[in-house]
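Breakdown of the fold
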Amino acid sequence: MRRTLALIFGSLFVSTVGHAAATAYVGVTVHPVSSAAMESATLLVEDGKIAGIGTDLEIPSDAAVVDLAGLHLYPGFVHPLSVLGLTEINSVRGTRDYTEIGEVNADIRAEVAFNADSELLPVAMSGGILTAHVVPTGGIFRGTSAAVRLEGWNWEDMTMSSSVGMHVEYPDLRPPAPSFRVPKPPSEDEVKKKKEETLKTINDTLKDARAYAKAVAAAAEGSAPAPTHDAKLAALGPMLAGEMPLFLYADERTQIESALDWADEQELSNIVLVTGPDAVYLADRLAESDVRVLLNGVHKLPERDWEPYDTPFTAAKRLHDAGVEFCIGDGGGGFRAPHVRNLPFHAAMAAAFGLPKEVALRSVTLSAAEFLGIQDRVGSLEVGKDATFIATSGDPLEVKTRILRAWIAGDEIDFSLDRQKRLYRKYDNRPQPRDERSPDVEGIREQGKG
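Just so it is clear, the model here is predicted, and its values are computed rather than measured.

With that settled, the discussion passes to the sheet that holds strand β11 (residues 159-161). Spatial ordering of the open sheet is given by β7-β8-β10-β11, a layout of 4 strands whose pairing is mixed. Taken across any chain shown, the strands that pair with only one partner, and hence form the sheet edges, are β7 (77-82) and β11. Strand-to-strand twist of the sheet, defined as the mean angle between neighbouring strand axes without regard to direction, takes the value 30°. Pairing analysis gives 4 bridges linking β7 to strand β8 (residues 129-134), with the strands arranged parallel. Across the sheet, the residue bridging to Phe 77 is Ile 129, located in β8. Together, β7 and β8 form the strand contacts of helix α8 (residues 343-352), whose direction differs from that of β7 by roughly 100°.

In this section: the sheet that holds strand β14 (residues 271-275). Within the open sheet, the 6 strands sit side by side as β9-β12-β13-β14-β15-β16. Their pairing is mixed. Two strands in the sheet have a free side with no partner beyond their single neighbour: β9 (141-144) and β16 (326-328). Neighbouring strand axes in the sheet, compared pairwise and without regard to direction, differ in orientation by 20° on average. Note: β9 against strand β12 (residues 166-169), 3 bridges, orientation antiparallel. Residue pairing for β12: Thr 144 is matched across the bridge by Met 166. Here helix α5 (residues 253-265) sits on the sheet in contact with β13 (246-249) and β14, set at roughly 145° to β13.

Another aspect to go through is the pairing of strand β3 (residues 38-46). Two elements, strand β2 (residues 22-30) and β3, share 6 bridges in a ladder whose sense is antiparallel. Its bridge partner being in β3, Val 28 is matched across the sheet by Ala 41. Of the pairings in the sheet, the one linking β3 to strand β4 (residues 49-54) comprises 5 bridges and is antiparallel in character. Each residue of the ladder has a partner; that of Leu 44, found in β4, is Gly 52. The turn joining β3 and β4, which pair antiparallel and follow one another in sequence, is formed by 2 residues; a positive phi near 55° is taken by Asp 47.

This next bit is on the side chain of His 133. Mapped onto the elements, His 133 comes out in strand β8. At 2.7 Å, the side chain of His 133 forms a polar contact with the backbone oxygen of Pro 80. Not counting the four nearest positions on each side in its chain, His 133 is found in contact with His 79, Pro 80, Leu 81, Ser 82, Ser 145, Ala 146, Ala 147, Val 164, His 167, Phe 247 and Leu 372.

Thresholds, definitions, all that
- Residues numbered from 1 in each chain as written.
- Predicted model: local features only at pLDDT ≥ 70, side-chain atom pairs only at ≥ 80, totals over all residues.
- Heavy atoms only, no water.
- Pairing = 2+ DSSP bridges.
- Helix = DSSP H or I, 4+ residues; strand = E, 2+ residues; numbered from the N terminus.
- Axes fitted to C-alpha atoms, helices over the stretch in contact; angles between N-to-C directions.
- Contact = heavy atoms within 4.5 Å.
- Polar contact = N/O pair within 3.5 Å; in protein donor to acceptor, adjacent residues only side chain to side chain.

This is the structure we're talking about:
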């Protein structure tokens, strides 16, 4: 049995208990995201799929009825870039499995390293994150990513889509600022040399991958012998053919501009730029070239002293105004994995600084699902999609809103498995101090004074 439990609490009322053919969630305000909200509506679930939504929906006679009066149903959030399931405690090296040594790791598949029993998954689900894009890191060619649902027995069960995209780190053109980790940064000449070496590695690898693809095609036609199998070069074929998105990492303005020039030279299409607020400086070019943007860094400080304080906060609005297709992430990485539940508040900040509220909500639900190619299953509440949704006390972009219940493919999530909630209950119920101090304690204190 999966890690789910049908909960009955508060004023919520379930009229039928057991293995009903269908479940109807009634009296609730449904926010499909892809269309207008419906008050006092019913959402009907059959076999883990949404079978109907409406205000006058006919409920099957054998359906279980769950009264959610006063609550709101939203699709579960889709995290667009994370190492969830690939790490546990970032400071403990043995629990990190999101990076590999070497520069060319194109044959890495993130899903096979996914830990279905990670303690971080229930925490994320309590925050409404029910689907995540799990990505590898490390090297120039990082490998392929996967879209996973956060509940299930193992990685095979939880993987919704594998080979979502190939991840490539474009070289940074700036010398790093001095820090305790890099007390003596490299010079500009050293950075330039490193960039040229990195680009040579990228270009040589793509050249070899194209030659490998031609050799494989020739062998399939019977005009040449089959080449020796090369997993790394074979993994790059779908990206070069435009069948798999290229997630291109470039954060700073000149780095982004150089990366786009390089992509044009390589005649690459189907690009997702993984970047930060500097993307706004190239918004028109991004829109014209149909480059999608996975925007991180909404909560960061401005990159430069002369930039207004709200530059990162308004980046999403400026991309939206320019017509750029985007979704919002939190930056990913091992440090942020325990905090992915805060994803909706990145979108909320963008909304507070001008991004239309419905676009902000879409950026962490349906838009993110579209980036991952799983929009036919999650990201909005529509008939035929997975019954993956959350029940809230109000707007999920408001920090005071409580996420009260959640379902993935029709199975209710057991929030009691959330380690943070367990710790909260443990220490909330800790023994209280006595009114009068123990004589033994007082004796120890007096001995200390002496």
